[in-house]
Amino acid sequence: MGGTLLALVVVVVLFLLMGVRVVRQGYVYTVERLGRYTLAAQPGLHVIVPFVDRIGHKVNMMEQVLDIPGQEIITKDNAMVGVDAIVFFQVLDAGKAAYEVSNLYVAIMQLTTTNLRTVMGSMDLDETLSKRDEINAKLLIVIDHATAPWGVKITRIEIKDIRPPADISNAMARQMKAEREKRANILEAEGLRASEILRAEGEKQGQILQAEGRKEAAFRDAEARERLAEAEAAATRVVSEAIATSGTQALNYFVAQKYTEAVAAFANSPNAKTILFPVEATQLIGSLGGVGELVRDALGSPKDKP
């Protein structure tokens, strides 16, 4: 009896151990009873009925990354390009992900590949190279809608790389180089144009200033000549009045003054050592005598003073 009881206890313990299941964090286990899906076991400790219940699938509920292998796609303008992509997805319903599709990863991969060919095949090569965000958005909408019955949420799709053919790449490189050289030539021409404009503006301003300077100088010269003429006229008028009032004595005075200045100029010449006068000395003495008489007439003789 003791051995039978011990064997029964061992069987019960083994039976209980077979029914204990621990679900890890980030996973959900599907429980099947007699082959039929009954519940989804959340992370933690669970007890099932051995030989009646069993764990069907261990579904990863974390966000996962699926790498789409590279493939060749023909664009709308018949260009062959190589494309690599990645898909981010997360399982929201473990029961649907386990039983609505036979192989979730293969299904998502094939669905992405097919729609990638469809979307990029309807675009030109230039559009495929410049509109990656648009391609990603279209693929996300289509694939997320298609995987919704599987309990899967497509969170993001990214085009990793687009590889155009070698000849097209070379042509694009030459086009880019030509475009850059064109922009450089345009910038250089614009710089030369601006420089010429500034130089012409500077020359224009310089000519204007020079013309204004010449105008001002001419005005000043004319004004100076006018003042000189007025002074000459005043001097001539004074001389005329003096001659008119004093007669020949004033005339002799002015002639003697000019004669004396001329003689002084000859005497001050640095190259002249000998001076020959073309006139007689008596003329100078006579002129000086006339000057003396003019001075006496102007100041009055001493005997006329009171």
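Residues numbered from 1 in each chain as written. Predicted model: local features only at pLDDT ≥ 70, side-chain atom pairs only at ≥ 80, totals over all residues. Heavy atoms only, no water.

A.B. asks: Which residues make up the overall build of the protein, and what values go with them?
C.D. replies: What the protein contains, in helices and strands, is eight helices and eight strands. A buried classification covers 22% of the 306 residues belonging to the protein. Taking the contacts inside the protein whose residues are at least 6 apart along the sequence as the reference set, 63% of them involve residues at least 24 apart. (Helix = DSSP H or I, 4+ residues; strand = E, 2+ residues; numbered from the N terminus. Buried < 20%, exposed > 50% of the residue type's maximum accessible area, 1.4 Å probe, protein only. Contact = heavy atoms within 4.5 Å.)

A.B. asks: Talk me through unusual backbone geometry; I want residue IDs and the actual numbers.
C.D. replies: You will see that Leu 34, though not glycine, has its phi angle at about 55 degrees, which is positive. If you trace the backbone, Leu 34 turns up in the loop between β2 (27–33) and β3 (36–41). Note on Leu 34: relative accessible area 70%, which makes it exposed. Of note, Asn 78 is a non-glycine position whose phi angle comes to about 65 degrees, a positive value. The class of Asn 78 is exposed, set by a relative accessible area of 68%.

A.B. asks: Hey, could you go over the packing of helix α3 (residues 104–121) against helix α5 (residues 132–147) for me, with residue numbers and the actual values?
C.D. replies: At a minimum axis distance of 10 Å, the contact between α3 and α5 shows a crossing angle of 140 degrees. What the angle tells us is that α3 and α5 run oblique. Along this stretch, α3 crosses α5, giving a crossing that reads as right-handed. On α5, the residues touching Ile 108, Leu 111, Thr 112, Asn 115, Leu 116, Val 119 and Met 120 of α3 are Ile 135, Lys 138, Leu 139, Val 142, Ile 143, Ala 146 and Thr 147. (Axes fitted to C-alpha atoms, helices over the stretch in contact; angles between N-to-C directions. Parallel < 35°, antiparallel > 145°, perpendicular 65-115°, else oblique. Left-handed = near helix turned anticlockwise from the far one by under 90°.)

A.B. asks: Tell me about the confidence of the model for the protein, and name the residues and values.
C.D. replies: For the protein, per-residue confidence averages 80 on the pLDDT scale, and 78% of positions sit at 70 or higher. Between residues 301–306, whose pLDDT stays under 50, and residues either more than four places distant or in other chains, the model counts one contact. (pLDDT = per-residue confidence, 0-100.)

A.B. asks: Outline the sheet that holds β3, listing residues and values.
C.D. replies: Here three strands make up an open sheet; going across it, the order is β3-β2-β5 and the pairing antiparallel. Either end of the sheet is taken by a strand with one partner, and the two such strands are β3 and β5 (53–60). Across this sheet, the average inter-strand angle for adjacent strands is 30 degrees, counted without regard to direction. In this sheet, β3 lies alongside β2 in antiparallel orientation, the contact comprising five bridges. Its bridge partner being in β3, Val 31 is matched across the sheet by Leu 39. (Pairing = 2+ DSSP bridges.)

A.B. asks: Describe in detail the side chain of Asp 53, supporting the description with residues and values.
C.D. replies: Secondary-structure assignment places Asp 53 in strand β5. Each residue touching Asp 53, except ones within four places of it in the same chain, is listed here: Val 31, Glu 32, Arg 33 and Ile 48.

A.B. asks: Lay out α3 with the relevant residues and their values.
C.D. replies: Helical geometry note: an α-helix holds 3.6 residues per turn, so side chains three or four residues apart project in the same direction. With 18 residues, α3 should cover 26 Å at 1.5 Å per step; its first-to-last C-alpha distance of 26 Å lies within 8% of that length. Residues of α3 that are buried include every one of Leu 104, Ala 107, Ile 108, Leu 111, Thr 112, Thr 113, Asn 115, Leu 116, Val 119 and Met 120, and no others. Elements in contact with the buried residues of α3: β6 (64–74), β7 (80–91), α2 (94–99), α4 (125–130), α5 and β8 (152–163). (Expected span 1.5 Å × (residues − 1).)

A.B. asks: Give a description of the packing of aromatic side chains that names residues and reports values.
C.D. replies: Under the counting rule described, the total for this entry stands at two aromatic pairs. With 6.0 Å between their ring centres and 70 degrees between their planes, Phe 89 and Tyr 105 make a pair best called edge-to-face. Here the residue Phe 89 occupies a position in strand β7, and Tyr 105 occupies one in helix α3, the gap between them amounting to 16 residues. Residue classification places Phe 89 among the buried positions, given a relative accessible area of 0%. Classification of Tyr 105 as partly exposed rests on a relative accessible area of 39%. Taking NZ or CZ as reference, Arg 24 lies 4.6 Å from the ring centre of Tyr 27, over its face. (Phe/Tyr/Trp six-rings, centres within 6.5 Å; stacked < 30°, edge-to-face > 60°. Lys NZ or Arg CZ within 6 Å of the ring centre and 35° of its normal.)

A.B. asks: Provide a residue-level description of the pattern of salt bridges, including the pertinent values.
C.D. replies: All told, the structure shown has 14 salt bridges when counted by the stated rule. Of the charged contacts, one joins Glu 134 and Lys 138 as a salt bridge, the two residues approaching to 3.4 Å between their closest N and O atoms. You can see Glu 134 and its partner Lys 138 sitting in helix α5, four residues apart, about one turn around the helix. Of the residues examined, Glu 134 reaches a relative accessible area of 34% and is grouped as partly exposed. For Glu 179, the salt bridge identified is with Arg 183, shortest N-O distance 4.0 Å. In this pair, Glu 179 and Arg 183 both sit in helix α6 (residues 166–246), four residues apart, roughly one turn of the helix. A residue is classified by how much of its surface remains accessible, and Arg 183, at 42% relative accessible area, is partly exposed. Counted as one network, the salt bridges with shared partners bring together Glu 216, Arg 220, Glu 223 and Arg 227. (Salt bridge = Lys/Arg side-chain N within 4 Å of Asp/Glu carboxyl O.)

A.B. asks: Help me get a handle on the sheet that holds β6, residues and values and all.
C.D. replies: Read from one edge to the other, the open sheet built from three strands follows the order β6-β7-β8, with strand pairing classed as antiparallel. Pairing within the sheet leaves two strands with one partner each, and these edge strands are β6 and β8. With strand direction ignored, the average angle separating the axes of adjacent strands in the sheet is 20 degrees.

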